[in-house]
Structure formats: C-alpha cells, structure tokens
Amino acid sequence: MLKKIAIAVVMFLLPLGVMAQTKLAHLNSQEIIPDMQEYKDAIASLQSKEKGYQDELARISEEFQKKYQEYIAQATHCLATSQSVVRKSSATCSREHRSSSRKLSRPCSRLSKKP
C-alpha cells in the first residue's frame, strides 16, 4: 500500500516539475503588428475619419471666409453710409449756422450805425 501511495505521489508531482519550466522567447512586435489584419483595418478606419475631418475643416474654413468677406463688405458700406450722413448733417449745420449768424449780425449792424 505504501508503494502504491509513493507511486501516486511521484506520478502527481512529476508533471508539476515539467510545467514549472519557463520558456523564453523574443518577439519583434514592430514586425508582427503591421502584418495583423486588425492593425490594417484600424489604420484604414483612422485614415477615412481623418479625410472626413479634413473635408469638414475645409468646408467650415470656406464658410468662415465667405461670412468674413460679407461682414467686411457690410461694415465698409455702413461706414461709408455713416460718413455721408455725418457730412450731410455737418453741411446742414454749417449752412444753418451761417444763415443764423447772418440774421443775428444784421440787426446788430443796424443798431451800430447811427443816423
């Protein structure tokens, strides 16, 4: 019986010794990963997304430039309009000032002259 137990223990421990051996290997992941299909799929997906974002950026940039040009044109028009309004009101004020000063100066000149 003791012999059977000894054989059973040896049979049980023998595979453990074999599994305890370590195996070492060196893998060059720089060569392996680019050959994987998942890597190629991921790269293709990223490139298609990049193209989509570049197209969207170009569209947004174009839209910005168009709106900016419209704003500049509108601002220039508003500035020209406001300048012409200021000139007209300035000219009107100047005419009114001249006419009112003439009206005021006439009675004074009459009073200053002695008959």
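Just so it is clear, the structure is predicted and the values come from calculations on it, not from any experiment.

### Details of the overall build of the chain
Across its full length, the chain carries three helices and zero strands. Moving toward the C terminus, one meets the helices and strands of the chain in the order α-α-α. Looking at the chain as a whole, 0% of its 115 residues qualify as buried. Summed over its atoms, the accessible surface of the chain is roughly 11300 Å², and 63% of this surface lies on carbon and sulfur atoms.

### Examining the pattern of salt bridges
One pass over the full model with this rule turns up three salt bridges. The partner of Arg 59 in a salt bridge is Glu 63, with the nearest N and O atoms 3.7 Å apart. Of the two residues, Arg 59 and Glu 63 both sit in helix H3 (residues 37-112), four residues apart, roughly one turn of that helix. Accessibility expressed as a relative area gives 47% for Arg 59, which makes it partly exposed. Lys 67 serves as the salt-bridge partner of Glu 63, at 3.4 Å between the closest nitrogen and oxygen. Taken as a pair, Glu 63 and Lys 67 lie in helix H3 at a separation of four residues, close to a single helical turn. What emerges from the salt-bridge pattern is a single network uniting Arg 59, Glu 63 and Lys 67.

### Looking at a nonpolar patch on the surface
A cluster of nonpolar side chains, namely Leu 27, Ile 32, Ile 33, Met 36, Tyr 39, Ile 43 and Leu 46, defines an oily patch on the protein surface of about 630 Å² accessible area. Per-element tally for the nonpolar patch: the top contributor is H3, with three residues. Looking at the element boundaries, Leu 27 is found in the loop between helix H1 (2-19) and helix H2 (29-32).

### Considerations on the packing of aromatic side chains
In this structure the tally under the stated criterion is one aromatic pair. Taking the centre distance of 6.1 Å and the plane angle of 20° together, the rings of Phe 64 and Tyr 68 count as stacked. Placement of both Phe 64 and Tyr 68 in helix H3 is noted, with a separation of four residues, approximately one turn of the helix.

### What to know about the confidence of the model for the chain
Averaged over all residues, the pLDDT of the chain is 79; the fraction at 70 or higher stands at 70%. Of all helices and strands in the chain, the one with the weakest mean pLDDT is H1 (73), whereas H2 scores best (87).

### Digging into the environment of Lys 40
Looking at the element boundaries, Lys 40 is found in helix H3. What makes Lys 40 partly exposed here is its relative accessible area of 43%. The contacts of Lys 40, once residues within four sequence positions are left out, are Pro 34 and Asp 35.

Reading the values: the criteria
Residues numbered from 1 in each chain as written. Predicted model: local features only at pLDDT ≥ 70, side-chain atom pairs only at ≥ 80, totals over all residues. Heavy atoms only, no water. Helix = DSSP H or I, 4+ residues; strand = E, 2+ residues; numbered from the N terminus. Buried < 20%, exposed > 50% of the residue type's maximum accessible area, 1.4 Å probe, protein only. Areas by Shrake-Rupley, 256 points an atom, 1.4 Å probe, with all protein chains shown as cover. Salt bridge = Lys/Arg side-chain N within 4 Å of Asp/Glu carboxyl O. Patch = residues over 30% accessible without salt bridge, like charges linked within 9 Å, V, L, I, M, F, W, Y side chains within 5 Å. Phe/Tyr/Trp six-rings, centres within 6.5 Å; stacked < 30°, edge-to-face > 60°. pLDDT = per-residue confidence, 0-100. Contact = heavy atoms within 4.5 Å.

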